[in-house]
Each structure stands twice: as C-alpha cells, then as structure tokens.
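Remarks on the overall topology
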Amino acid sequence: SMVTGMMHAHSGWRYVVIAVAVITIVKMLLGWFGGGKWSTLDQRLGVAMPVVLDIQLLLGVILWILQQRWIAVDALTSWEHPVTMLIAVIIAHYTWVRVKRSDNDSDKYRTASIGYIVASLVVALGVFRITA
C-alpha cells in the first residue's frame, strides 16, 4: 500500500540524514578547529544538511496525512514527533541562513558546527522519544 511505501521511504531516508549529518558536522568541526578556508565542499555540505532534513520532513508529513495522525490517540507520534522534527528543520535552515550571511570563514564553521549539532540533537531526541 501507499502507507507502507511511505513508511519504508521515511525509514530508509533516515540513513541519508544520518550520513549527511555526520559528514557535515565532522567537516565543519575540522574547519572550525583547524582554521580552514571555506570551500565549495563546505558550501555543498552546508546546503545538503537542511535539504536532506526537508526531504525527511516531507516524507513524514505525507505519512502523517496518509495515516490521518491528527485524529490519532497517540499524542507522541501524532504531534510530539512531527513538531520536534519541524523544530529541527527550522534550526537547520536558520543555521544555513546565518552561515550564508557571515563573511568570516571561522564564523561560518563555528555557526554551522553548533547549529547542525543542535539540529541533529533535536532530531535524535525526537527519534529517541518514539523508539524508547
């Protein structure tokens, strides 16, 4: 069914989210603490982080709609998880906007490192709450 397909897509895409988050955060931390010069790779990773989260959120919203979660009894998966993930996406986008506005490479790395770590922790919290 469509719900099963969306569930698999949403569950499978998480591995892309995890991989992009780990690679991006490590690269930003290396740039920050290593005094790196902002590169095309940094730019691409910085953009990729909010984009992969956007896709995951979109898959989740479609699943939420298909399952009519807003009328479900379980507040955790019906509201807390989606709202937590939306907050994480907002943090990632806000981080990228701040990075783009910065002229200093060190500031870019610091902002991206902290912002994407916070967004990832919010994602981890949201996932942990529905799996624990």
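Please refer to the structure placed before this passage.
First, a word on scope: everything that follows refers to the structure included in this document. Just so it is clear, the model here is predicted, and its values are computed rather than measured.

Bringing the pattern of salt bridges into the picture now. In total, this model carries three salt bridges according to the counting rule given. The salt bridge involving K27 is made with D42; its shortest N-O contact spans 2.8 Å. With K27 in helix α1 (residues 2-34) and D42 in helix α2 (residues 40-66), the pair connects residues that are 15 residues apart, well separated along the chain. Accessibility expressed as a relative area gives 24% for K27, which makes it partly exposed. Residue D42 is classed as buried on the basis of its relative accessible area, which comes to 0%. Taking the shortest distance from any N to any O, the salt bridge between D107 and R110 comes out at 2.9 Å.

Let us look at the side chain of H81. In this fold, H81 is placed in helix α3 (residues 75-101). On the basis of relative accessibility, which here comes to 16%, the residue H81 falls in the buried class. Every residue in contact with H81, bar those within four places of it in the chain, is listed here: H10, L76, G126, V127 and I130.

Let us look at α3. Given 3.6 residues per helical turn, the α-helix brings residues three or four places apart onto the same face. Its 27 residues place the ends of α3 38 Å apart at the C-alpha level, agreeing with the 39 Å of an ideal helix rising 1.5 Å per residue. Buried within α3 are the following residues: S78, H81, T84, M85, A88, V89, A92, T95, W96 and V99.

Turning our eyes to something else, we now look at the environment of S106. Checked against the element boundaries, S106 lands in helix α4 (residues 105-131). Once the C-alpha coordinates of S106 and M28 are considered, the two residues, 78 residues apart in sequence, prove to be 9.6 Å apart.

Time to look at the packing of aromatic side chains. Tallying each qualifying case throughout the model produces five aromatic pairs. The interplanar angle of 55° and the centroid separation of 5.0 Å between the aromatic rings of W38 and Y109 together place this pair among those described as tilted. Here the residue W38 occupies a position in the loop between α1 and α2, and Y109 occupies one in helix α4, the gap between them amounting to 71 residues. Arranged with centres 5.3 Å apart and planes meeting at 75°, the rings of W64 and W79 form a pair that is edge-to-face. Highlighted residues: W64 in helix α2 and W79 in helix α3, separated in sequence by 15 residues. A relative accessible area of 42% means that W79 is categorised as partly exposed. Through a chain of ring-to-ring contacts, the aromatic side chains of W38, W96 and Y109 assemble into a single cluster. In this structure, K108 packs its charged tip against the face of W38, placed 5.5 Å from the ring centre.

Another point: the nonpolar core. Ranked by size, the top nonpolar core spans 22 residues in total, and within it M28, W38, M49, L53 and Y116 carry the most contacts. Contributions of two or more residues to this core are made by α1, α2, α3 and α4. Sequence-distant contacts of M28, that is, excluding residues within four places in its chain, are made with W38, D42, L45, G46, Y109, A112 and S113.

Another point: α1. A rise of 1.5 Å per residue sets the reference length of α1, with its 33 residues, at 48 Å; its end C-alpha atoms lie 47 Å apart and thus fit the reference within 8%. Of all the positions in α1, only M6, H10, V17, V20, A21, T24, I25, M28 and G31 are classed as buried. Check the buried side of α1 and you find it contacts α2, α3 and α4. Trailing α1 by a residue or two, G35 shows a phi angle of about 65°, which is positive.

Thresholds applied
Residues numbered from 1 in each chain as written. Predicted model: local features only at pLDDT ≥ 70, side-chain atom pairs only at ≥ 80, totals over all residues. Heavy atoms only, no water. Salt bridge = Lys/Arg side-chain N within 4 Å of Asp/Glu carboxyl O. Helix = DSSP H or I, 4+ residues; strand = E, 2+ residues; numbered from the N terminus. Buried < 20%, exposed > 50% of the residue type's maximum accessible area, 1.4 Å probe, protein only. Contact = heavy atoms within 4.5 Å. Expected span 1.5 Å × (residues − 1). Phe/Tyr/Trp six-rings, centres within 6.5 Å; stacked < 30°, edge-to-face > 60°. Lys NZ or Arg CZ within 6 Å of the ring centre and 35° of its normal. Core = buried A, V, L, I, M, F, W, Y, C linked by side-chain atoms within 4.5 Å.

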